[in-house]
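# An overview of the molecular structure
The primary structure of each chain is shown beneath.
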Amino acid sequence: MNPSILGIETSCDETAAAVYANNKIQSNIIFSQVDLHQLYGGVVPEIASRSHIEKINTIVAQALAQSKIGLNEIDIVAVTNRPGLPGSLLIGVCFAKALAWVKKKPIIGIDHLEGHAFSTFLEYDVPFPHLCLTASGGHTSLYLIHDFGKYDVLGTTLDDAAGEAFDKIAKLINLPYPGGPIIEKLAKKVNFEDFFHYPRSMGNQLDFSFSGLKTAILYDLVKKNLYNLSTKKLSPNMSENIKEQIASSLLVCINDIFIQKIELAIKQFPQVRAVTFVGGVASNKFVKENIQKIAEKNNKLFFSPSSQYCTDNAAMIAFVGSYKAKQGIFSDYNLDILKNE
Ligand code: KG4
Ligand code: ZN
């Protein structure tokens, strides 16, 4: 019999709970704190932790109710315990431990990034081995995935994550947080054209680097008299149309970097049968379609989760919990958060 798993995710600014049972997701509840952080142009850790405390009980109760599986029928609690904001992680881990201990259920600590990397399996049966590009607000990594829980990190970002680049550059030109969705919307208005040819910073081999892009855009704006470095404000010359052109050029630039890295990885690992694209940035239709084209051009299958499983969610955490349980990998009630590397 397959165990029923309650997944809990609070690593950043989403309070999420989900139930995975009978080999499928039975419920997936997410409370996004975006509105709370928008004023500050990014996630404020203290606000995030406080909001998790307020919401977690209700969100878990909703996930159980929607799944029609009562707490007594839950066999295992799976909770994100790394990496993430320490205060936020602690809320989920303490809540999960208390629940598991009271109900005398096993608990499994889950790596958030492993959750993203295997999130495609919530909807698809992806063949092994495959390449996985994870791009989110906190991470950008390329994996070679051999099996459930077995993977090599081929490359990672040396500085900012791709989502972070969208968020920071959006903030620079006075667009709201999170930057990714609004940048995609503006870029679409000008047909995803590359107006400014921002530098494609390549990092080493399969690693990424995005912080230079932010600086390059900043200095390009200064040079064009669109940004005042001493007041740190946009100049009155900045128009909506220029913002659309910046958004479009930025999106095309990050898209090109992803495509080049994926092609390079396919060359190095021709045995892969598929390419997957996951994490918050994988909500981006433009990039998704382009990665699909490059995968298919190289005779690889392509998979990417639907939007609800791209951004942070507990369904992916519950799913990882399900295969860890099958592999006999459990934590104990001393489970703690692990610090970011
Ligand atoms: O996976 P996620 O929800 O949280 C982290 O683990 O970080 O990813 C959030 C990130 C944000 O940086 C946001 O700007 C980006 O995903 N994002 C997008 C899009 N939707 C969300 N980036 C590009 N295009 C989008 N449509
Ligand atoms: Zn994430």
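Notes on the structure follow.

With that settled, consider the sheet that holds strand E12 (residues 301–303). Sheet architecture is open: 5 strands sit in the order E8-E7-E6-E11-E12, paired in mixed fashion. Two strands bound the open sheet, and with one partner strand each, they are strand E8 (150–156) and E12. If you compare each strand with its neighbour and ignore which way they point, the axes differ by 20 degrees on average. Sheet strands touched by helix H8 (residues 240–268): strand E6 (130–135), strand E7 (140–147) and strand E11 (274–278). Its angle to E6, the strand with the most contacts, is close to 155 degrees.

Attention shifts here to the pattern of salt bridges. Tallied over the full model, the rule gives 10 salt bridges. Here arginine 200 and aspartate 256 are joined by a salt bridge, their closest N and O atoms 2.7 Å apart. Here arginine 200 is found in the loop between helix H6 (179–189) and helix H7 (211–223), whereas its partner aspartate 256 is found in helix H8, with 56 residues between them in sequence. Of the residues examined, aspartate 256 reaches a relative accessible area of 24% and is grouped as partly exposed.

This next bit is on the site of ligand 1. Surrounding ligand 1, one finds 20 residues, the nearest of these being Gly137, Asp167, Glu184, Asn284 and Asp312. One of the side-chain nitrogen or oxygen atoms of asparagine 284 is found 2.9 Å away from a nitrogen atom of ligand 1. Protein chains shield 90% of the accessible area of ligand 1, which is 560 Å² for the free molecule. Elements represented by at least two residues in the shell around ligand 1 include exactly helix H4 (112–117), helix H5 (162–172) and H6. No other element matches H6, which puts 4 residues into the shell around ligand 1. Of the residues contributing to the shell around ligand 1, the split by class is 5 nonpolar, 12 polar and 3 charged.

In this section: the sheet that holds strand E4 (residues 76–82). Spatial strand order, E3-E2-E1-E4-E5: 5 strands in an open sheet with mixed pairing. Pairing within the sheet leaves two strands with one partner each, and these edge strands are strand E3 (24–32) and strand E5 (107–111). Between one strand axis and the next, the sheet turns by 20 degrees as a mean value, whatever way the strands run. Bridge count between E4 and E5: 5 bridges; the pairing is parallel. Paired with alanine 78 across the two strands is isoleucine 108, which belongs to E5.

Take the coordination of the zinc ion (ligand 2) next. For a metal bound by four donors in tetrahedral geometry, the ideal donor-metal-donor angle is 109.5 degrees, whereas six donors in octahedral geometry ideally sit at 90 or 180 degrees. In the first shell of the zinc ion (ligand 2), the protein supplies His112 (NE2), His116 (NE2) and Asp312 (OD), at 2.0 to 2.1 Å from the metal. We note that the donor set of the zinc ion (ligand 2) lies within a single chain, spaced as H-x3-H-x195-D. Pair noted here: histidine 112 is in helix H4 and aspartate 312 is in the loop between helix H10 (307–310) and helix H11 (315–326), with a separation of 200 residues, a long-range link. When sorted by exposure, histidine 112 lands in the same class as aspartate 312, which is buried.

What follows concerns the side chain of threonine 157. Along the chain, the position of threonine 157 falls in the loop between E8 and H5. Judged by relative accessible area, threonine 157 falls into the buried class, the value being 14%. One polar contact links the side chain of threonine 157 to the main-chain carbonyl oxygen of aspartate 160, over a distance of 2.5 Å. The contacts of threonine 157, once residues within four sequence positions are left out, are Thr140, Phe208, Ser209 and Phe210.

Each α-helix turn comprises 3.6 residues. Residues three or four places apart therefore point the same way. The terminal C-alpha atoms of helix H2 (residues 45–67), which comprises 23 residues, lie 30 Å apart, in line with the 33 Å expected from a rise of 1.5 Å per residue. Maximum bend of H2: about 45 degrees, positioned at lysine 55. All buried positions along H2 are accounted for by Ala48, Ser49, Ser51, His52, Ile56, Ile59, Val60, Ala63, Leu64 and Ser67. Check the buried side of H2 and you find it contacts strand E1 (5–9), strand E2 (14–21), E3, helix H1 (34–38) and helix H3 (86–103). Just downstream of H2, lysine 68 is the residue with a positive phi angle, here 60 degrees.

Another aspect to go through is the packing of H8 against helix H9 (residues 285–297). Packing of H8 against H9 leaves a shortest axis separation of 10 Å and a crossing angle of 25 degrees. The orientation of H8 relative to H9 falls into the category roughly parallel. H8 and H9 meet at a crossing whose hand is right-handed. On H9, the residues that touch Leu251, Val252, Asn255, Phe258, Ile259, Ile262 and Glu263 of H8 are Phe286, Val287, Asn290, Ile291, Ile294 and Lys297. Here the contact of H8 with H9 is built from residues that sort into 9 nonpolar, 2 polar and 2 charged.

Turning to a nonpolar patch on the surface, a few remarks are in order. Where nonpolar side chains cluster on the molecular surface, the patch consists of Trp101, Val102 and Tyr333 and spans about 330 Å² of accessible area. Mapped onto the secondary structure, valine 102 falls in helix H3. Residue valine 102 is classed as exposed on the basis of its relative accessible area of 57%.

What counts and how
Residues numbered from 1 in each chain as written. Chains lettered and ligands numbered in written order. Predicted model: local features only at pLDDT ≥ 70, side-chain atom pairs only at ≥ 80, totals over all residues. Heavy atoms only, no water. Pairing = 2+ DSSP bridges. Helix = DSSP H or I, 4+ residues; strand = E, 2+ residues; numbered from the N terminus. Axes fitted to C-alpha atoms, helices over the stretch in contact; angles between N-to-C directions. Contact = heavy atoms within 4.5 Å. Salt bridge = Lys/Arg side-chain N within 4 Å of Asp/Glu carboxyl O. Buried < 20%, exposed > 50% of the residue type's maximum accessible area, 1.4 Å probe, protein only. Near = heavy atom within 4 Å. Polar contact = N/O pair within 3.5 Å; in protein donor to acceptor, adjacent residues only side chain to side chain. Areas by Shrake-Rupley, 256 points an atom, 1.4 Å probe, with all protein chains shown as cover. Nonpolar A, V, L, I, M, F, W, Y, C, P; charged D, E, K, R; others polar. Donors = N, O, S within 2.8 Å, 3.2 Å for Na, K, Ca; no water. Expected span 1.5 Å × (residues − 1). Bend = angle between axes of the 7 residues up to and from the residue. Parallel < 35°, antiparallel > 145°, perpendicular 65-115°, else oblique. Left-handed = near helix turned anticlockwise from the far one by under 90°. Patch = residues over 30% accessible without salt bridge, like charges linked within 9 Å, V, L, I, M, F, W, Y side chains within 5 Å.

Nothing here speaks to function; it is all geometry.
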